[in-house]
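Overview (structure and organization)
Chain by chain, the residues:
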Amino acid sequence: MSGTAPDGGLYVPEILPVRTIDEFAGVERFDEISALWLQPFFSGSSLQAELPAVCSEALNFPVPLKSIGQGNDTFSVLELFHGPTAAFKDVGARFLAATMVRIIDTGATGKTPVTIIVATSGDTGGAVAAAYHRRPGVRVMVLFPDGRVSPRQQHQLTCWGDNIISLAVRGEFDDCQRLAKEALADREISARHNLCSANSINVGRLLPQSAYYARASLEIFRNSGKKASFVIPTGNLGNGLACVWARRMGMPIENIVFATNANTTIPDYLSSGSWSPRASIATLASAMDVGNPSNMERLRLLNDDNAEQVRQEISAFPVTDETIRETIAEEYRRYGIAWCPHTATALHVYRNLPQSVRRTGNWVVVATAHAAKFDTIVEPLLGAEITPPAELAALLKWPAQYDTVSASLDEITAYL
Ligand SMILES: *Cc1c(COP(=O)(O)O)cnc(C)c1O
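To start, this report covers the structure provided alongside it. Because the structure is predicted, anything quoted here is derived from the model rather than measured. (Residues numbered from 1 in each chain as written. Predicted model: local features only at pLDDT ≥ 70, side-chain atom pairs only at ≥ 80, totals over all residues. Heavy atoms only, no water.)

1. Describing the packing of helix 2 (residues 51-58) against helix 3 (residues 89-103)
Running from N to C, helix 2 and helix 3 cross one another at 135°; their axes reach a closest spacing of 9 Å. As the angle between them shows, helix 2 and helix 3 are arranged oblique. As for how helix 2 packs across helix 3, the hand of that crossing is right-handed. Facing helix 2, whose interface residues are Leu51, Ala53, Val54, Cys55, Glu57 and Ala58, helix 3 presents Arg94, Phe95, Ala98, Thr99 and Arg102. (Axes fitted to C-alpha atoms, helices over the stretch in contact; angles between N-to-C directions. Helix = DSSP H or I, 4+ residues; strand = E, 2+ residues; numbered from the N terminus. Parallel < 35°, antiparallel > 145°, perpendicular 65-115°, else oblique. Left-handed = near helix turned anticlockwise from the far one by under 90°. Contact = heavy atoms within 4.5 Å.)

Spelled out as structure tokens, the structure:
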């Protein structure tokens, strides 16, 4: 329930239980694999018996692996954008929501509702709002940076009403995150409004994300007898860390490669060996505009804070906006597929791996959002329109309702 530990640090599992491939024999559905996969983390908790129900309620959409290309250049794409808000954040947000509503007493009348406060760079807020919309006993306050999210992302942050309060904050994502942290850390405000966080640093979002890496690598191993290698679009490193955890837990995963945008804190750390977080830069892949990736702390902990060891575990390559544009246009021209700017970073990194590495591996490019969410960037590059998936199209018809506020704690608490 508490996103960060009382000492300000991040929670991590004390142990990462090692599983065998055989334990998953005959289990194929994403929700069923997830329930089995997550079981050790829930043993002894009040949610243990509920875990299968949590997974079937929250993870009720496919995470398909699709094969692309021909001959030597075949690779797979893991499509994580088939949830209600068309980005991978649906996995963690829906799982967390399904567990939280089972813990908090949402039914009692006259009780102060729990308010979940979430700062978003674009996709998290929509996924969290969708996951809690019209849930009794819960409200959500979404803080997003005014003018820094795509129009369709903004619509997904603001179309809910009911128990969802959407605020455009004059500032950057970092300001939104600071406000959320300040509100949560202020004992009086936090107690009065029963505040709770749902940000991506919550371990309840990372764990279910590791389940799709388990599912994908098991499928590849069953079909080919070989381990899978992943290229992952990376910002705050929640998605990438989930893959590292899955490999540590015994899944058949070989290489893990991160693709970043012009926010190069992680690749710079790998080349220099020193960690220097900085302010974020706005890019086309805006959901990855993170200058101080929180989950790096967890990755460094796993590796005794030793940069050389981290280099053995993962690699990371930055991609410029210009290359993102070229990749989107080129992939569409050559293969007829439209990708979002985040996914494009990973495609570029994959296509530029040394040929020997590329051809010997069983590569999976992770697709984090549907291109239709970023229509204003992608469509002009294609010269074509992208049809939004049905659920996104339905949301786009709902009217938007939100207020614009300055980045001050007083202003946002007034809305509580
Ligand atoms: C959040 C997000 C990312 C970055 O994921 P992290 O877990 O923050 O590294 C990449 N692509 C999309 C579409 C996102 O919404």
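2. Section: empty space enclosed by the protein
All told, the structure shown has 3 cavities of 30 Å³ or more when counted by the stated rule. When its volume is computed, the largest cavity comes out at roughly 370 Å³. Phe88, Lys89, Thr124, Asn236 and Ala287 are the residues nearest the centre of the largest cavity, which is lined by 29 residues in total. Among the elements of the structure, helix 6 (173-185), helix 8 (203-224) and helix 9 (238-248) are those that each provide at least two residues to the lining of the largest cavity. Tallied by class, residues from the lining of the largest cavity come to 11 nonpolar, 15 polar and 3 charged. (1 Å grid on protein atoms, 1.4 Å probe; cavity = no way out; pocket = protein on both sides within 12 Å on 5 of 7 lines; lining within 4 Å. Points joined across faces, edges and corners; volume = space filled by probe spheres on them. Nonpolar A, V, L, I, M, F, W, Y, C, P; charged D, E, K, R; others polar.)

3. Some remarks on the site of the ligand
Every one of the 14 residues lining the ligand counts as a neighbour, but Lys89, Asp123, Gly235, Leu237 and Thr368 are closest to it. Separating an oxygen atom of the ligand from a backbone N or O atom of Gly235 is a distance of 2.7 Å. Contact between the ligand and Asn236: an oxygen atom at 2.8 Å from a main-chain N or O atom of the residue. For the ligand, the accessible surface in isolation is 380 Å², of which the surrounding protein chains cover 97%. The cavity that encloses the ligand is the largest cavity. (Near = heavy atom within 4 Å. Polar contact = N/O pair within 3.5 Å; in protein donor to acceptor, adjacent residues only side chain to side chain. Areas by Shrake-Rupley, 256 points an atom, 1.4 Å probe, with all protein chains shown as cover. Sits in = over half its atoms within 2 Å of the grid points.)

4. A closer look at the pairing of strand 2 (residues 75-79)
Here strand 2 lies mainly inside the structure; 5 of its 5 residues are buried. Taking every second residue as pointing to the same face, both faces of strand 2 are buried, with Phe75, Val77 and Glu79 on one and Ser76 and Leu78 on the other. Pairing between strand 1 (residues 65-68) and strand 2: 4 bridges, direction antiparallel. Along strand 2, the bridge assignment pairs Ile68 with Phe75. Here strand 1 hands over to strand 2 after 6 residues, with Gly69 in that stretch at a positive phi of 85°. (Buried < 20%, exposed > 50% of the residue type's maximum accessible area, 1.4 Å probe, protein only. Pairing = 2+ DSSP bridges.)

5. A look at the environment of Arg359
Counting through the fold element by element, Arg359 comes out in helix 15 (residues 355-360). In the structure, Arg359 is positioned 284 residues away from Phe75 in sequence and 9.2 Å away in space, judged by C-alpha atoms. Each residue touching Arg359, except ones within four places of it in the same chain, is listed here: Asn72 and Asp73.

6. Quick notes on the layout of surface pockets
A volume near 860 Å³ is recorded for the largest pocket. Lining the largest pocket we find 34 residues, and of these Gly3, Thr4, Gly8, Lys181 and Ile201 sit closest to its centre. For the lining of the largest pocket, the leading source of residues is helix 6, giving 8 residues. For the lining of the largest pocket, the residue count by class is 16 nonpolar, 12 polar and 6 charged. What the second largest pocket holds in volume is close to 530 Å³. If you go around the second largest pocket, you meet 21 residues; those closest to its centre are Met1, Phe42, Val203, Gly204 and Leu207. Only helix 1 (30-42), helix 3 and helix 8 provide two or more residues apiece to the lining of the second largest pocket. Top element by residues in the lining of the second largest pocket is helix 3. It accounts for 5 residues. Class assignment for the residues of the lining of the second largest pocket results in 15 nonpolar, 5 polar and 1 charged.

7. Details of helix 2
Looking only at helix 2, the buried set comprises Leu51, Val54, Cys55 and Ala58. Projection of helix 2 onto a plane perpendicular to its axis shows the buried side chains occupying an angular sector of 95°, all on one side. Where helix 2 is buried, its residues contact helix 1 and helix 3. (Arc of directions from axis to C-beta.)

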